[in-house]
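Breakdown of the fold
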Amino acid sequence: EIYNHKTVQKQFGFQYETHLDGECALHLYDKGGIEFMAQHLDGVFGLTILDTNTKQLHVVRDTYGVRPLFQMMTQDGTFAVCSEAKGLEEVVHHQLQYDIEWVQPGTYETYKILNHGKIRLQRKQRFHSIGKPPVYKTLAPPIGKDVSANIRNLLKAAVKKRLMAERRIGCLLSGGLDSSLIAGLVVQTAREEGITYPIQTFSTGMEGSPDLAAARKVAAHIGSDHHEVVFTPEEGIAVLNKLIWHLETYDITTIRASVGMYILSKYISQKTDNIVVFSGEGADEVCQGYIYFHKAPSAEDGDRESHRLLNDLFYFDVLRADRTTSAHGLECRVPFLDHQFSAYYLSLPLADRQPQQGMEKYLLRKAFAKTALLPDEVLWRPKEAFSDGISSVKKGWHEILQDFVATQVSSEELRQAPQFYPHNTPRTKEAYYYRSIFEKHYMGRAQWIPYFWMPKWSDTKDPSARTLKHYKHKYTPALSA
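Report on the accompanying structure. Computed from a predicted model, the values in this text were never measured in an experiment. (Residues numbered from 1 in each chain as written. Predicted model: local features only at pLDDT ≥ 70, side-chain atom pairs only at ≥ 80, totals over all residues. Heavy atoms only, no water.)

1. Considerations on the pairing of strand β5 (residues 98-102)
Where a strand is regular, its side chains alternate between the two sheet faces. Defined as follows: Here's how the labels work: a residue is buried when its accessible area is under 20% of the maximum for its type, exposed when over 50%, partly exposed in between, all with a 1.4 Å probe on protein chains only. By definition, any uninterrupted DSSP run of H or I lasting at least four residues is a helix, any uninterrupted run of E lasting at least two residues is a strand, and each is numbered from the N terminus. Pairing between strands requires that DSSP locate at least two bridges from one strand to the other.
By the alternation rule, side chains of β5 split into Y98, I100 and W102, which are all buried, and D99 and E101, of which none is buried. Pairing of strand β3 (residues 70-74) with β5, which is carried by 5 bridges, proceeds in the antiparallel orientation. Bridging across to β5, F70 finds its partner in W102.

2. Thoughts on the sheet that holds β5
Selection rule: Lines fitted to C-alpha atoms define the axes, with helix axes restricted to the stretch in contact, and inter-axis angles between N-to-C directions lie between 0 and 180 degrees.
Strand order in this open sheet of 3 strands is β4-β3-β5, and the pairing throughout is antiparallel. This sheet does not close on itself; its edge strands, each paired only once, are β4 (79-82) and β5. Direction aside, neighbouring strands of the sheet carry axes that sit 20 degrees apart on average.

3. A word on empty space enclosed by the protein
Over the atoms a probe the size of a water molecule is rolled, and this reveals where empty space is left. Here is the rule: We place a 1 Å grid over just the protein atoms. Points where a 1.4 Å probe fits but has no way out form a cavity, open points with protein on both sides within 12 Å along at least 5 of 7 lines form a pocket, and any residue with an atom within 4 Å of a point lines it. Grid points are joined across faces, edges and corners, and a volume is the space filled by probe spheres set on the points. Residue type decides the class: Asp, Glu, Lys and Arg count as charged, Ala, Val, Leu, Ile, Met, Phe, Trp, Tyr, Cys and Pro as nonpolar, and the leftover types, Gly among them, as polar.
Applying the stated rule across the entire model yields 6 cavities of 30 Å³ or more. By volume, the second largest cavity is sized at about 130 Å³. Lining of the second largest cavity is provided by 17 residues; of these, D42, G43, T63, L337 and H339 occupy positions nearest its centre. Here the lining of the second largest cavity is built from residues that sort into 9 nonpolar, 4 polar and 4 charged.

4. A short note on the side chain of S258
Quick note on the threshold: Residue contacts follow a heavy-atom distance rule, with two residues in contact if any of their heavy atoms lie within 4.5 Å.
With respect to the helices and strands, S258 occurs in helix α9 (residues 252-271). Taking the relative accessible area as the measure of exposure, S258 reaches 0% and is therefore buried. Among residues more than four places away in sequence, those in contact with S258 are L243, L247, R320 and T324.

5. Concerning the sheet that holds strand β9 (residues 200-205)
Pairing is parallel in the open sheet, where 5 strands are placed in the order β10-β9-β8-β11-β12. A single partner strand is all that each edge strand has here, and the edge strands are β10 (225-230) and β12 (331-333). Taking the axes of each pair of neighbouring strands and ignoring which way they run, one obtains an average angle of 30 degrees across the sheet. Two strands pair when backbone bridges link them, and β9 and β10 are joined in this way by 6 bridges, in the parallel orientation. From the neighbouring strand, Q200 faces β10, where its bridge partner is D225. Those strands touched by α9 are β8 (168-172), β9, β10 and β11 (274-278), and its axis lies near 140 degrees from that of β9.

6. A look at the pattern of salt bridges
Operational definition: When a carboxyl oxygen of Asp or Glu is within 4 Å of a side-chain nitrogen of Lys or Arg, the pair counts as a salt bridge.
Applying the stated rule across the entire model yields 32 salt bridges. In this structure, E430 engages R256 in a salt bridge whose closest nitrogen and oxygen atoms are separated by 2.7 Å. Remark: R256 occurs in helix α9 and E430 occurs in helix α21 (residues 429-441); sequence separation between them is 174 residues. The two residues E430 and R256 agree in class, both being buried. Across the pair E360 and R365 runs a salt bridge, and its minimum N-O distance is 3.6 Å. Its relative accessible area of 1% is what places R365 among the buried residues.

7. A few points about helix α6 (residues 210-222)
Convention followed: Here, expected helix span is obtained from the residue count minus one, scaled by 1.5 Å.
Across its 13 residues, α6 extends 19 Å between first and last C-alpha, which sits within 8% of the 18 Å expected from 1.5 Å per residue. When α6 is considered as a whole, its buried residues turn out to be P210, D211, L212, A214, A215, V218, A219 and I222. G223 lies just past α6 and shows a positive phi near 80 degrees.

8. Considerations on the side chain of T201
Defined as follows: Two N or O atoms count as a polar contact when they lie within 3.5 Å, although within protein this holds only if one can serve as hydrogen donor and the other as acceptor, and sequence-adjacent residues are included solely when both atoms are side-chain atoms.
Position of T201 relative to the elements: it lies in strand β9. Of the polar contacts made by the side chain of T201, one reaches the side chain of S224; its length is 2.7 Å. A distance of 2.8 Å separates the side chain of T201 from the side chain of H226, its partner in a polar contact. Setting aside its immediate chain neighbours within four residues, T201 contacts C171, L173, A183, A219, I222, S224, D225, H226 and H227.

9. Comments concerning the layout of surface pockets
In this structure, the largest pocket encloses a volume near 980 Å³. What lines the largest pocket is a set of 36 residues, among which Y3, H5, K6, K161 and M164 lie closest to the centre. Among the elements of the structure, α1 (5-12), α4 (147-161), α5 (177-192), β11 and β12 are those that each provide at least two residues to the lining of the largest pocket.

What follows is the structure, given as structure tokens:
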């Protein structure tokens, strides 16, 4: 999706032959080459351009890797790209040796086409840097001196540009701060833009989950047409095999958090006519929203960790958001990863972006205080990881999963794990169980993720937020701005 295709057309006077937003990429390439093109695209994309004049092939991926893209070079010199690794596995199953690798986000690669169809890498270059403002023109309001106003304006502009759609738009609503802000802005902006149908919001969880209760409050407040999908532990466990096949990962926290999103996406696809769904992914990485940021030794450490998470986001949460929705024919849009919004937020003073007054994402919350966009008890609700929020308060989803895998993996299998799985060796039965499913589908492809997602500066062996000392499962009173 290229959100600025009309802006680009006006800016450079391009004559479009179609109504497709992607056409602008060809005109930009023709005008200034591959780097010029990539730097002027405001959107999410994985694309290739074959230039028969220069005998070059270009492969480009958006800044944060919101759209997945893999590439492969086989033993006989065949080169291919695909948004899913499984597509490449299926094409070349007859080959003896081939490497399937991620195309890195925010980069373009240029290959020279040689004789007999062979190619050679000429250049690999970043075209956008995380934290640096984009070069393209945007329709967002100018940056002023009021930080809170700038945050509100830029996030609303990020939502507004993503309302571009031919099909109905809905929102995934967990009831946490991030998805609630996005849902509130979508409903507000849709009304202003003349969208007449009611925006539908969707939440999921097990009976008694904090997310369901919070999402209900938000939906009532913003006036959305709200839907709830309650699933049982048995239903969640039943989707694991198919889910891991879709995700192409064995990361523990990614899989835990994907179950609810996968089940919810299936419901949206089968029971409604929504195709585009908004979500709150990226806020925790941009705004230091994870609970473990309370333990950052310094503001500089917090900033470095935020950048590290954003660089690697495509291995984890962005992958989850894309795969769980696209598995059911939906398209997920993530305004918090808007390049202009994230660049501005990351440009703010390091200390201001740290947790403050015992509250993570304080700066973001403060920006929307007294706007009445959300109820105060939701605006100031403490961080709840999605895989935890869908749980009942009595028993966490991670505990349910661990009880189940204890019956599926023996202690002897876990003891031998280093022998069978030297890369990212499973240390728990849950990790072993996910890895065994992954290897069944993608044997020998463990390098697709470099490490397991885990909280930093924390004395824990489990990625669940509920294992951290700072965790608070109750609402805190509304705080003053």
